[in-house]
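The chain contents come next:
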Amino acid sequence: MPPVRSALTAILGPTNTGKTHLAVERMCAHSSGMIGFPLRLLAREIYDRLVAIKGAQNVALITGEERIEPPQARWYCCTVESMPIHREFAFVAIDEAQLGADPERGHIFTDRILHARGREETMILGSESLRPIIRSLLPDAEIISRPRFSTLSYAGAKKLSRLPKRSAIVAFSIEQVYAVAETLRRMRGGAAVVMGALSPRTRNAQVAMFQSGEVDYLVATDAIGMGLNLDVAHVAFVSLSKFDGSRRRRLTVAEMAQIAGRAGRHQRDGSFGTLAGEGSEFTPEEVLAIEGHSFPRLDWLYWREAKPRFNDIATLIADLEKKPGRPGLLPAPKVIDLLVLKRLSEMPDVKSLIRHPVDVARLWEVACLPDFRQMGEEHHSRFVASLWQYLGQGERVIPHGIYANELARLDNIQGDVDTLSARIAAVRTWTYIAHRNDWLANPPAMAERARALEEKLSDALHDALRQRFVDKRTSMLLRKGAGDVGLLPVEIQQDNRVLVDGEDIGTLQGFAFRVDPAAKAGDRKLLLAAAERHLAAHLRQKAKDVSMADDSEFSLAADGEGKPSIFWKDDLLGTLTKGRTLLQPAFTPMKAVAGLEGDALREIVTRAESWIESQLAKAMGGIVGLLDLAQQADVDGNVRALAVRLADEGGIAGRHYLADAIAALPKEARGAARKGGIVFGALDIYHHAALKPAAAKWRAALFAARDSRAMPVLPPESAVHLKTWNFANPSEARNAGYRRIGDEYVRIDLAERVIKKAHEARGQNNVFGMDMAFATSLGISEAGLKALMRDAGFRPAEAVVAAEAAIDAVPADETPVIEENTPAEATPAPEAEAAVEATVADAAAPEQTAPKEIAPVVLTHWRWVGLPKPRPPEQRRPQTSAERKPHASAKPKAKPDRAPPAPKPSAPPSALALQLAALKGLKL
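What comes next is a walk through the structure. Every value quoted in this text rests on a predicted model; they were computed, and no experiment measured them. Residue numbers restart at each chain and count upward from 1, following the sequence in its written direction. The predicted nature of this model means local features are confined to residues of pLDDT at least 70 and side-chain atom pairs, given and counted, to a pLDDT of 80 or more, with totals for whole chains, interfaces and linings taken over all residues. No hydrogens and no water enter the side-chain calculation; it runs on all heavy atoms of the structure.

## Considerations on the overall build of the chain
Okay, so step 1: For helices the rule is a DSSP run of H or I covering at least 4 residues; for strands it is a run of E covering at least 2, with both sets numbered from the N terminus onward. Looking only at helices and strands, the chain features 35 helices and 35 strands.
Okay, so step 2: Of all intrachain contacts in the chain linking residues separated by at least 6 positions in sequence, the fraction that spans at least 24 positions is 69%. We call two residues in contact when some of their heavy atoms are within 4.5 Å.

See below:
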């Protein structure tokens, strides 16, 4: 060991004592300096800090895979293995010197402790456990203890969901790191990932996410224990054991403390603990030791000959396995470089190229190539042997084509996290090779290509880690959800996508927020809460817009469940529900609208109710007028009773339903009823305005609201006859303004007109002939016409005998009678009259071409049998099955023979006269 020519100081103490910061300050105070760090990542961090202080042209960075060395550089940041100890510096420091006890790298740290010296000052930084070995090996060194700035306390075991923000979770396998990061992504929006295998660029990008607060959690390997400066408040151990390369063992107390000490920063306290449920717990003795910074003293360090002889391979191996000759040092275990050298010495192709000690020295350089890809001793030895075939003969360099092809093979940013990590590890191998001055023909150019490729893959790896382990949307909402809503920009795009601070959280459909379907189930509650916070102001303004909207902006339609609903600009506001009466429905706001607060809800409800009232007055004005008629004291009470009952049925009711009210109505009072708009049809009683399309639509909605059922689909407004339409029941057809005739439907007023024409053709006769041109012009089929005529009390003339037999079988109180005023009162509404006239005219208008012979009119003969007289409800009884279905063997009741009365003789009219009469509705 050369004599100490400078001040030698050992700064010892626990983590978070500012030792590294002190060393950097001391180096900057000297004209030149060098610090050896345990990690490439830490060396890069301090390099960036020095560049900001001294300038890039004055600072160098040397690691195994990275070399930035400006010609005039005076301050060097290096990994311990890459320290150029042959150069002279005013200041030299070795960080984390306690790693001299590490089985794999300890001999390197021990060599630097013993031989690396600054011209003016040397500083050794490490744990308090180094005190006895420093005192033994370097008796002249000044030992200074540095206390921890803040308190480190044990917080016990915590569930992952209960970890405080700014926590670092430490795992000791890639599988554990990925599993914890994935869980945090689902629960807390994600986590940054830091592993020793990451490139500095990827590691810095991940740490930047954590430091900036984009994510609140960091999942890392024990790499964070080596001096990385992070803003961590709590450290949680997933496990307290790790695989050290040969066996799985429990962490030493010093290793636990090194990692736990990352919690807290400067004078801010920190805590440590474990993850609950993982089966690892600190013992009370370990907790006391970590909290009190009391660790077992190191009495030895690993050592290996730093300057072996290169006479031959056997001599080299013997020197590398030589035992140290002083106390406090132990021979280094067989690490991978020595194991690779031994395997190479057994390979004939390798040995054949060794002829001189220079070849032995070069073989040792090649054997020291780090196993970045973690291939193991066997595979790494074969790889090194393949390189030796170029480096041990000929020009003794790796051909440019071989190097370029390897980089080209790795130049692929596709793949998952593991694939990209493997490519980066391979690139690190070729980067290390490029930084060997005599291994390539053009090292600087190849090093630049390798560096660019590593950065490219590192960016891709960062994106892959971010995509896999960070949900930016959830993270943003968790981070800012508790802040002032006014500070977060909310944007509603044209397609109704909702962006909060630039992140898509879902869709606003009217007043209802729909979470993005891509969101996981665990995120839905969070996104709904975020929408409630951030959209409150927008929804309040939207409620004001509703309150000031014109009537034309509102509409009545069925919602997704078929309920009668009120819409504003296609946005659902609420539904109609049962009210006090049919014409006084209640408005029930939808859930999203009902969730609005105060004035916003009142404004929407008040505006919707006023619109409903105005639309009912417009569309159902005639029916509302029936209620007004019922309030007039000068009107006969029976008329008022009829008006109330008809209004309760929406303005349309079957005549049989109102038979008792009609029977009680004096003839002289019917004028007042007609004046009030009531039309007395043969089959139906209705208000003349009840058949308008708007009235039909609102009536369907009102009955759906009253009966709590779906709103039916209505036929087209212009339809007068329906052949392929199915109403759920007769009342639904009547509410739509149609009467069922067989398997068809015809509009009620037109059905009444057909019946009126039949009564006009009948006159005083029971058997008569009628031209059905009007009925057929409406599209009514023969079966439908027969069904309509049967409902109206008519039978085909050829079926008169059977009809009479049926009449004879009816009891006396059910004998069909003819309503005297039926034909005169069955008057269609004016607009219906016009529509029918147009229909008939279109059907019967002769073509404007050459005159054709008019076809003779074919009369259909009918017999009037009358309508059965309805019985009072108390006299009605249900038919038995025997009454409904007489036995097939039962013989029909005999009827007395009687001939039908002969029709009055009259001269038959001409065909032209019959056609004109049919067109004008006249009876000949």
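## Points about the pattern of salt bridges
Okay, so step 1: A pair is scored as a salt bridge if a Lys or Arg side-chain nitrogen falls within 4 Å of a carboxyl oxygen belonging to Asp or Glu. Throughout the structure, instances matching the rule amount to 53 salt bridges.
Okay, so step 2: Between Arg-49 and Glu-45 there is a salt bridge; the shortest N-O distance is 4.0 Å. One end of the pair is Arg-49 and the other is Glu-45, both in helix H2 (residues 40-54) and 4 residues apart, which spans about a single turn.
Okay, so step 3: Close ionic contact of Lys-242 with Glu-255 constitutes a salt bridge, the shortest N to O distance being 4.0 Å. Residue Lys-242 is located in strand S14 (residues 241-243), and its partner Glu-255 is located in helix H7 (residues 253-260); the two are separated by 13 residues in the primary sequence.

## As for the packing of helix H9 (residues 313-320) against helix H10 (residues 336-345)
Helix-helix packing: each pair is described by the crossing angle between the helix axes and the interaxial distance.
Okay, so step 1: Angles here are taken between N-to-C directions and fall from 0 to 180 degrees, while the axes themselves are lines fitted to C-alpha atoms, restricted in helices to the stretch in contact. The geometry of H9 relative to H10 is characterised by a closest axis approach of 11 Å and an angle of 160° between their N-to-C directions. It follows that H9 is roughly antiparallel to H10 by the angle criterion. Handedness of the H9/H10 crossing: left-handed. Only Leu-338, Leu-341, Lys-342 and Ser-345 of H10 make contact with H9, whose side of the interface consists of Ile-313, Leu-316, Ile-317 and Leu-320.
Okay, so step 2: Considered class by class, the residues forming the contact of H9 with H10 number 6 nonpolar, 1 polar and 1 charged. The scheme is simple: roughly parallel for angles under 35 degrees, roughly antiparallel for over 145, roughly perpendicular for 65 to 115, oblique for anything else. A clockwise turn of the near helix away from the far one marks a right-handed crossing, whereas an anticlockwise turn of less than a right angle marks a left-handed crossing. Gly is placed with the polar residues, together with every amino acid not listed as nonpolar (Ala, Val, Leu, Ile, Met, Phe, Trp, Tyr, Cys and Pro) or charged (Asp, Glu, Lys and Arg).

## Quick look at helix H30 (residues 782-791)
Okay, so step 1: Among all positions of H30, only Gly-784, Leu-785, Ala-787, Leu-788 and Met-789 are buried.
Okay, so step 2: Taken together, the buried residues of H30 touch strand S31 (738-741), strand S32 (744-747), helix H28 (748-762), helix H29 (773-777), strand S34 (794-796) and strand S35 (860-864).
Okay, so step 3: Immediately beyond the C-terminal end of H30, within one or two residues, lies Gly-793, with a positive phi of roughly 100°. Only protein chains enter the calculation, and the probe is 1.4 Å; a residue is then buried if its accessible area is under 20% of its type maximum, exposed if over 50%, and partly exposed in between.

## Description of the sheet that holds strand S33 (residues 767-770)
Whether parallel or antiparallel, the strands of a sheet pair through hydrogen bonds between backbone atoms.
Okay, so step 1: Spatially, 3 strands are ordered S33-S35-S34 in an open sheet, and the strand pairing comes out antiparallel. Of all the strands in the sheet, just S33 and S34 have a single pairing partner and so form its edges. Averaged over all adjacent pairs, the angle separating strand axes in this sheet is 40°, with direction ignored.
Okay, so step 2: Bridge analysis of S34 against S35 gives 3 bridges, and the strand direction is antiparallel. Strands pair, by our definition, only if DSSP identifies at least two bridges between them.

## Comments concerning the sheet that holds S31
Okay, so step 1: If you trace the 3 strands from one edge of the open sheet to the other, you get S30-S32-S31, paired in antiparallel fashion. Of all strands in the sheet, those with a lone pairing partner are strand S30 (721-722) and S31, marking the two edges.
Okay, so step 2: Taken together, the 2 bridges between S30 and S32 define a ladder with antiparallel strand orientation. Looking across to S32, one finds that His-721 is bridged to Val-746.
Okay, so step 3: Those strands touched by H28 are S31 and S32, and its axis lies near 85° from that of S32.
Okay, so step 4: Of the strands in this sheet, S31 and S32 touch H30, which is tilted by about 105° from S31.

## Structural notes on unusual backbone geometry
Okay, so step 1: Phi at His-293 takes a positive value of approximately 55°, unusual for a residue other than glycine.
Okay, so step 2: Within the secondary structure layout, His-293 lies in the loop between helix H8 (284-292) and strand S17 (301-303).
Okay, so step 3: Take His-293: its relative accessible area is 26%, and that puts it in the partly exposed class.

## Topic: the state of the cysteines
Okay, so step 1: The disulfide criterion used throughout: a pair of cysteine sulfur atoms within 2.5 Å. Overall, the coordinates contain 0 disulfides when judged by the stated rule.
Okay, so step 2: Looking at the unpaired Cys-77, the closest cysteine sulfur is the one in Cys-78, lying at 7.0 Å.

## Remarks on the environment of Arg-790
Okay, so step 1: By the element assignment, Arg-790 lies in helix H30.
Okay, so step 2: On the basis of relative accessible area, Arg-790 is assigned to the partly exposed category, the value being 43%.
Okay, so step 3: Along the primary structure Arg-790 and Leu-867 are separated by 77 residues, whereas in three dimensions their C-alpha atoms are 9.3 Å apart.

## Quick word on the pairing of strand S25 (residues 571-581)
Okay, so step 1: Pairing analysis gives 4 bridges linking strand S24 (residues 564-568) to S25, with the strands arranged antiparallel. Looking at S25, one finds that Trp-568 is bridged to Asp-571.
Okay, so step 2: A loop of 2 residues connects S24 with S25, the two strands running antiparallel in sequence, and Lys-569 in this loop sits at a positive phi of about 50°.
Okay, so step 3: As paired strands, S25 and strand S26 (residues 584-589) are joined by 5 bridges and run antiparallel to one another. Across the sheet, residue Thr-581 finds its bridge partner in S26, namely Gln-584.

Shape descriptors only; they carry no functional weight alone.
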